[in-house]
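One-letter residues, chain by chain:
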Amino acid sequence: MSNRLADAQSAYLRQHAENPVDWWPWSAEAFEEARRRDVPVFISIGYAACHWCHVMAGESFEDETAAAHLNEKFVSIKVDREERPDVDDTYMAAVQAMTGAGGWPMSVFTTPDGRVFHAGTYFPPRRRGQIPSFTEVCDAVYQAWSQRREQVEAQAKDIAEALAGQRRQQSQMATVVHTDDDGGGAAALTKDRFAQLAAQALDVLSEQEDTVHGGFSAAPKFPPSPLLGWLLEDAAWNPEYESGDLAVRTAEAMGRSALFDHVEGGFARYATDQAWALPHFEKMLYDNAQLLGHYAKLSVHPAADQAARDDAARTARMTIQWLKDRMLLEDSGLIASSLDADTVFTDGSHVEGGTYIFSDAELAEAAASAGLSDEQAQQVVRLNRGVPADEHGVAAGAPLNITAETPRTVHFDAPLGAEERVVWDAVVPELRRRRAERPQPARDEKVVAAWNAQAVRSLAEASALWGDAELLEFAEQLASRLWEIHVDAQGRVHRTSYAGRRGTGLGTLSDHAHLVTAYFALASAGADPRWAERAAEVLRFTLEKFVTRGEEAIEVLDSLDEEGLLTAAQAGAAHASPLDGPEPSAIAALALATQQAEAFAAEAQLPVRSDELLQHVQVAAPKAPIAVGASLLAARRSVQQSPALRIFGGTEEDAAEVRRTGALCGVPVEPVEPGTLGEASGLSLAVCLNGPEQSMCLAPQPTIDAALEPLR
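Participant: Would you explain the nonpolar core in this entry?
Facilitator: Considering soluble globular proteins, one finds that nonpolar side chains tend to be buried as a cluster. In this structure, Trp230, Tyr519 and Leu522 are the most contacted members of the largest nonpolar core, which totals 181 residues. Broken down by element, this core gets its largest block of residues, twelve residues, from helix H17 (residues 449–466). If we ignore the near neighbours within four places in the chain, the residues touching Trp230 are Phe194, Ala198, Ala201, Leu202, Leu205, Gly629, Leu632, Leu633 and Arg636. Listed in part, the 27 residues of the second largest apolar core include Ile43, Val87, Val95 and Ala569.

Here it is in C-alpha cells:
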C-alpha cells in the first residue's frame, strides 16, 4: 500500500511510503485523527542514514502483522529528526528520562495531544530475553490505554511537567548568575575566573582521556567536535597548557583511524569500538563541517609538530574534496545532509559499510594495479589494521579469524611515516576507482541550514589559515545559495530545502545562530564586507523572536513551534539547552553569534550580551567540560572583551598573515578599508575591544604579537 508519505520532501519519510503501516507525517491532522478515533499515537523518529532505523523498518514496519497491529490500535506518525529537531529533542528527553538511554530509531507512544506515556528506541520483531518484541510493546501500550486510562493520563501529565521543569532549569543554567551557594563560584565570569575554570576543565579532561586509543570515552566513541574547537583555540593562546596536547592526540587518533575515510575523505558518525577501528559508516555533514575546520587549524598550529600538521592538512583537504565530489548538490549548489550507513546490493541485501571495506587480497591487487612492487604491496597490506564490519564480534573481543579474503575497515595503528605515506598515497587512486565501481550508499539530499552554515564557517576559516582564495570563493558560493534559498525577507532562516526549494518549517535557534557566525567568518576572512550586514540582519530577528528578558532571567527558546503541536508534550515552550551534543548547543551557538556581533560592532545596542548567555560555564566546566566545549570557546572570546583586529596599514601579505592568526586565535579581522594596503606600507594593527566593561581601540602596533599582547 502507499500511504501519506509518498509526496513528502524528506527522503527518510519517502523510504517508508510503501510500508503497510498507515503512516502520517507530523501534522495537526494526525493528532486530530487520534482524537477522533480515541486511540493513542505511535511516533517513530529516525533519519535516512540510520542503520538501525532501516533494520527496524525491515523487521516491523514492512511486516504485515506488525503493521496491522499499528493500524488497528494507533495513529502512526513518522518523523525525520533532521527535518524536525524540535520534535526529536522533545521526545528524546522523554526517552532518556524513562529508559536511561536514547538513540534511533526512537519509538514513542503518546496521548492524542502528544504527551508521552511510554517510550523506547529499537524493538526487535521477536522477544529477546527481557527485551519484548515490538508487537508485545504495542499490545501492552494499547491495553494500558484501554483499561487504565486515568493512570495513563496522569502519567503523561507528570512526564510532560517533569520534562518542562528539566528543560527550563537546564536552559536557565546559562542565563542565571551563579553563586557559591549553587556551586557556581564567583558571580561574574571574569577573565581571571575563566582561567581558573579552564584549568579545572583541562584537569578533568586529562583524567578522562583514553591514553591508549585517544578520545575521552569508551565504546561507542564519538568525535568530540565542539570540544576540539575550544582546545585548539586555548592552545593557540597558551602553548604550554595541556589543551594543545589533548587536541593533537585526539585529532591524530581520529585522523589515522577507520573513523576517517582514507580513500575518499570525510568522517563517519562514530566508532562502535574503543580503538576507533569499526565505524558506524554513515557520514553526516554536521560532523564533517566542524572537523574540517578543526583539522585546518591543526595544520598550522604551534602545538603540533610538522608531521602532525601535514597529516592534519591532508585530512582537512580530503574532507573538503569529499564534500565537493560526493555531497555538493547540482540543483541547489548546497551540501547534502548525509550518506547512508548501509549499501544496498543488486540482490537487495543491505550491508553496513559494504562500499568502504577491502580485504587484504583486494589491497594487494590494487597495489599491483597501481604499479607497486610485491614488497610494497605487502607493505600496504601490513599497514592496514582494520577489522571486519562485525559489530558484535568486535565488541565480544573474540578472535576475528581474518583471512586474506575477509573485507575489513581501513585503519592505521599509528600515523604513517614518510615512506609509508608515499606507498599508501600511490595506491589510493586505484582503491578509489575500485570503490566507485561498487554500489554506493544512498545520499539524503535534504539541505539543512545549520549544517551548511557550519561548513561555510569552517571553509572561510580554512581559507584564512591557508591563504586560499579559491576556497574562500567556494565558501562564498555556498553562503550565497544559502541566503537565496533559506533566508526570507524578514531575516528568518528556514531549516531545510529540497532541490533548491525551501522547506516549510522555520529554522531552530541553531539554524539562525550558525548562519550568523558563518557570515561573520566570511567577512573576517576577507570576503565581501556585506556578509557582516547580512549576519546582523539575521541576528536581529533571532534575538527578537528567540530571546526574552524576564524579571529574573533571560529566556532562550530552541524553536518557535509555530504549529503549537509540541506545547502539550513539553508543557510549554521549548527552552534551548546549553549542553553540546554532536553539534554545539543552541545557546553556545547564540552566544558565539552575539559575541561575533560585539566584535564587529555590528549593532549599536544588543538586547543581550554574550556573557549573559554563558553563566553555565561556571557550573559545568569543572564537572563535565566535554558537554560545554562550544560554550568554553564563546566564553574565552567574551571575557577577552570580544576583540577584533583592525588593519590601518600594511601589504596584502601582512593582511593575509593577520587573517591567519585571527582565524587560529578566534579574533575576527574587520574588513579592510579600500586603499589601506600598499606595497611600501608597514604593518599597523590595533586590537579593538567591544565588551561590556570597555569599548575602545588600543594603540596601533607594528607586529601581530605586539597587537595581541594585551589579550593574553
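Participant: It is not clear to me how the sheet that holds strand S15 (residues 501–502) should be interpreted in this structure. Could you clarify?
Facilitator: Sheets are built from strands that pair by backbone hydrogen bonding, the pairs being arranged parallel or antiparallel. Spatially, three strands are ordered S13-S14-S15 in an open sheet, and the strand pairing comes out antiparallel. Both outer strands of the open sheet, strand S13 (447–448) and S15, are each paired with one neighbouring strand and no more.

Participant: Looking at this structure, I do not really get unusual backbone geometry. What am I missing?
Facilitator: Glycine aside, residues mostly have negative phi, and peptide bonds are mostly found in the trans state. Looking along the chain, the bond that leaves Trp104 and enters Pro105 is cis, with omega of 5 degrees. The omega torsion of the bond from Ala219 to Pro220 falls at -5 degrees, within 30 degrees of zero and hence cis. By the element assignment, Pro220 lies in the loop between helix H8 (191–208) and helix H9 (225–237). Of note in the backbone geometry, Ala499 takes a positive phi value of approximately 50 degrees without being a glycine. Mapping Ala499 onto the fold places it in the loop between strand S14 (496–498) and S15. A positive phi is found at Gln641, a non-glycine position, where the angle reads about 70 degrees. With respect to the helices and strands, the residue Gln641 is situated in the loop between helix H23 (629–639) and strand S18 (644–649).

Participant: Just checking my understanding: could you explain the state of the cysteines for this structure?
Facilitator: Simply put, the disulfide is a covalent bond whose two ends are the sulfur atoms of two cysteines. Enumeration over the complete set of coordinates arrives at two disulfides. At a sulfur-sulfur separation of 2.4 Å, the disulfide partner of Cys50 is Cys53. Looking down the S-S bond of the Cys50 and Cys53 bridge, the torsion is 80 degrees, so its handedness is right-handed. Note on Cys53: relative accessible area 3%, which makes it buried. Here Cys688 is linked by a disulfide to Cys697, with a sulfur-sulfur distance of 2.0 Å. Because the torsion about its S-S bond is 95 degrees, the bridge between Cys688 and Cys697 counts as right-handed. Overall, the relative accessible area of 1% leaves Cys688 in the buried class. Look at the protein chain and number its bonded cysteines as they come in the sequence; the links are 1-2, 3-4.

Participant: Just to check I follow, could you spell out helix H2 (residues 28–37) for this structure?
Facilitator: Owing to its 3.6 residues per turn, the α-helix brings residues three or four apart onto one side. Where H2 is concerned, the buried positions are Ala30, Phe31, Glu33 and Ala34. The buried side chains of H2 occupy one side of the element, clustering within an arc of 155 degrees when seen end-on. Away from the buried face of H2 by more than 90 degrees, exposed residues Glu29 and Arg36 are located. Next to the buried residues of H2 lie strand S1 (23–25), strand S2 (41–46), strand S3 (75–80) and strand S4 (106–110).

Participant: Sorry, what's going on with the pairing of strand S19 (residues 684–690) here?
Facilitator: When a strand is regular, its side chains alternate between the sheet's two faces. With respect to burial, S19 is a largely interior element, six of its seven residues being buried. In this structure, S18 lies alongside S19, joined through five bridges in antiparallel fashion. Paired with Ala644 across the bridge in S19 is Cys688. As defined by bridge partners, S19 adjoins strand S20 (residues 695–697) across three bridges and the pair is classed as antiparallel. In the sheet register, Leu689 faces S20, and the bridge partner there is Met696. If you look at the hairpin formed by S19 and S20, you'll find four residues sitting between the two strands.

Participant: Quick question: what am I supposed to make of the pattern of salt bridges here?
Facilitator: Scanning all chains against the criterion turns up 47 salt bridges. For the salt bridge of Asp80 with Lys446, the shortest nitrogen-to-oxygen distance reads 2.9 Å. Taken together, the residues Asp80 in strand S3 and Lys446 in the loop between strand S12 (443–444) and S13 connect sequence positions 366 residues apart. Across this residue pair, the class does not change: Asp80 and Lys446 are buried.

Participant: Whenever I open this one, the environment of Phe134 confuses me. Can you help?
Facilitator: Relative to the assigned elements, Phe134 resides in helix H6 (residues 134–147). Spatially, the C-alpha atom of Phe134 lies 9.6 Å from that of Ser107, the residues being 27 residues apart in sequence. If sequence neighbours within four positions are ignored, Phe134 has contacts with Phe42, Met56, Ser60, Phe61, Leu70, Phe109, Phe123 and Pro124.

Participant: Which parts of the structure should I look at to understand the packing of aromatic side chains?
Facilitator: Two descriptors summarise a pair of aromatic rings, namely the distance from one centre to the other and the angle between the planes of the rings. If you walk through the whole model with that rule in mind, you get 22 aromatic pairs. With a centroid separation of 5.9 Å and an interplanar angle of 5 degrees, the aromatic rings of Phe281 and Tyr356 are classed as stacked. Highlighted residues: Phe281 in the loop between strand S7 (279–280) and strand S8 (283–284) and Tyr356 in the loop between strand S11 (350–352) and helix H13 (360–369), separated in sequence by 75 residues. For the pair Phe281 and Tyr356, a shared accessibility class is recorded, and that class is buried. Here the aromatic cluster, defined as three or more aromatic residues joined through ring pairs, consists of Trp23, Phe42, Phe61, Phe74, Phe109, Phe134 and Tyr142. Lying over the aromatic face of Trp24, Arg4 brings its terminal NZ or CZ to 3.8 Å of the ring centre. One residue, Arg534, lies across the ring of Trp531, its end atom 5.0 Å from the ring centre.

Participant: Teacher, can you tell me more about the layout of surface pockets here?
Facilitator: Gaps left between atoms are located by rolling a probe of water-molecule size over the structure's atoms. Roughly 550 Å³ of volume is contained in the second largest pocket. If you trace the second largest pocket, you find 28 residues lining it, with Glu83, Arg84, Thr504, Gly505 and Glu563 closest to the centre. Of all the secondary structure elements, the ones that give two or more residues to the lining of the second largest pocket are S3, helix H5 (85–99) and S14. Ranked by the residues each element gives to the lining of the second largest pocket, the list is headed by S3, at three residues. Of the residues in the lining of the second largest pocket, the class split is nine nonpolar, nine polar and ten charged.

Conventions adopted
- Counting restarts for each chain, with residues numbered from 1 along the sequence as it is written.
- Given that the model is predicted, a residue must reach a pLDDT of at least 70 before its local features are reported, and side-chain atom pairs must reach 80 or more before they are shown or counted; all residues, however, enter totals for whole chains, interfaces and linings.
- The basis for every side-chain value is the complete set of heavy atoms in the structure, and neither hydrogens nor water enter the calculation.
- Side-chain atoms within 4.5 Å are what join buried Ala, Val, Leu, Ile, Met, Phe, Trp, Tyr and Cys residues into a set we call a nonpolar core.
- Burial classification: accessible surface area is computed with a 1.4 Å probe over protein chains only, and a residue below 20% of its type maximum counts as buried, one above 50% as exposed, and the rest as partly exposed.
- Going along the chain from the N terminus, every DSSP run of H or I of four or more residues is numbered as a helix, and every run of E of two or more is numbered as a strand.
- The contact rule is simple, with two residues in contact once any of their heavy atoms fall within 4.5 Å.
- Each pair of strands is called paired provided DSSP finds at least two bridges between the two strands.
- When the sulfur atoms of two cysteines come within 2.5 Å, that pair is taken as a disulfide.
- Throughout, the arc means the angular range of directions from the helix axis out to the C-beta atoms.
- By definition, a salt bridge exists where a carboxyl oxygen of Asp or Glu is found within 4 Å of a side-chain nitrogen of Lys or Arg.
- Each Phe, Tyr or Trp ring, with Trp reduced to its six-membered ring, pairs with another whose centre is within 6.5 Å; inter-plane angles below 30 degrees give stacked pairs, above 60 give edge-to-face pairs, and intermediate values give tilted ones.
- Placement of a positive charge over a ring is assigned whenever Lys NZ or Arg CZ falls within 6 Å of the ring centre and within 35 degrees of the normal to the ring plane.
- Two kinds of site are reported from a 1 Å grid over the protein atoms alone, namely cavities, where a 1.4 Å probe fits but cannot get out, and pockets, open sets with protein on both sides within 12 Å along at least five of seven lines, and residues are called lining when an atom falls within 4 Å of a point.
- Grid points are joined across faces, edges and corners, and a volume is the space filled by probe spheres set on the points.
- In this count, Pro and Cys sit with the nonpolar residues alongside Ala, Val, Leu, Ile, Met, Phe, Trp and Tyr, while Asp, Glu, Lys and Arg are called charged and the others, Gly among them, polar.

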